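The primary structure of each chain is shown beneath.
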Amino acid sequence: MPYDLGATVRLVGECRDPGGALATADTAVVTVTLPDGTALTPPVTEDTVGVYQADYVTTTPGRHVVRWVWTGPAAAYTDVFDVQEEAPPAVLSLADARRHLNLISTRDDDEVRFWNNATTRAVEYYTGPVIPRAFTEQHHVRGAASIVLLRTPVLAVTAVDSVLTGGAAYDLAGLDVDGDTGEVFRLDGGRLTGRLRITYRAGRTVISENITAGARVILEHLWRTQRSTRGGLAGGGEDYSVTEPIPGLGYAVPNRALQLLEPDRLPPGVA
């Protein structure tokens, strides 16, 4: 499961001799390569014979590569771990997700959070951004009446900058945006031109009940497929069987979830 940004990851590696037995090495080094390509070597200690550990405090979201190398005997081991962004978008709170799954214990919280985040991605594939956050896009236009942003609903355009040195600059006070369609245009009716980097916020300040209900249905379906022997889920029955693949989503989303999300469905051709 992904780690929270700022959490401590305990890295564990086992040094084994050519015969497969745990062995104390002459040297042990672990290298953590961050998503930006930089590498760190946290201090290593031997916990028990041949079992080494190191603690790394996460500072960057994304995929990290862990490389253990021992000498005397020579051995190596590579693994990965993921760090999620500081505030990962989630339609449902952990408490709501746990309540809907009828989970009293907190022992499965990490797994619930994982599937809750996956549920949000499925919902937003169908509706566009739900949780408000910033997006940045580049658009290359030549005398266009408007620019259509890729993610809607748009809450506000926060910056329009030229990517090229000496390119046209646009004052935000002279621009407007249609939040529903994502269309950015000049208030004076003029044209937009150049290679532009546009930063904006998209999502919903109020999340309607049909979206949260759809998210609950998807979360329960995903949880059900992973833990079918647990029981104790809300709803139940064959209504959760997905027999027809949904374009772009396969068998991950029940039809009743799509019916709940239908009022906020993206226009055709937008995804």
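The present account deals with the structure reproduced in this document.

Rules and cut-offs
Residues numbered from 1 in each chain as written. Predicted model: local features only at pLDDT ≥ 70, side-chain atom pairs only at ≥ 80, totals over all residues. Heavy atoms only, no water. Helix = DSSP H or I, 4+ residues; strand = E, 2+ residues; numbered from the N terminus. Buried < 20%, exposed > 50% of the residue type's maximum accessible area, 1.4 Å probe, protein only. Contact = heavy atoms within 4.5 Å. Areas by Shrake-Rupley, 256 points an atom, 1.4 Å probe, with all protein chains shown as cover. Polar contact = N/O pair within 3.5 Å; in protein donor to acceptor, adjacent residues only side chain to side chain. Pairing = 2+ DSSP bridges. Axes fitted to C-alpha atoms, helices over the stretch in contact; angles between N-to-C directions.

## Quick look at the overall build of the protein chain
Phase 1: A tally of regular secondary structure across the protein chain gives four helices and 13 strands.
Phase 2: Split into buried and exposed, the 271 residues of the protein chain put 37% on the buried side.
Phase 3: Sequence-distant contacts in the protein chain: of pairs separated by 6 or more residues, those separated by 24 or more amount to 67%.
Phase 4: Summed over its atoms, the accessible surface of the protein chain is roughly 14700 Å², and 51% of this surface lies on carbon and sulfur atoms.

## Brief notes about the side chain of Asn117
Phase 1: In this fold, Asn117 is placed in helix α2 (residues 109-127).
Phase 2: Side-chain polar atoms of Asn117 contact the side chain of Gln84, separated by 3.3 Å.
Phase 3: Apart from residues lying up to four places away in sequence, Asn117 is in contact with Gln84, Pro88, Pro89 and Ala90.

## Some remarks on the sheet that holds strand β11 (residues 175-178)
Phase 1: If you walk across this open sheet you meet the three strands as β9-β12-β11, and the pairing is antiparallel. Every other strand in the sheet has two partners, leaving β9 (146-148) and β11 as the edge strands with one partner each. Neighbour-to-neighbour, the strand axes of the sheet open up by a mean angle of 20°, direction not taken into account.
Phase 2: By the bridge criterion, four bridges tie β11 to strand β12 (residues 183-186) in an arrangement that is antiparallel. Note that in β12 the partner of Asp176 across the bridge is Phe185.

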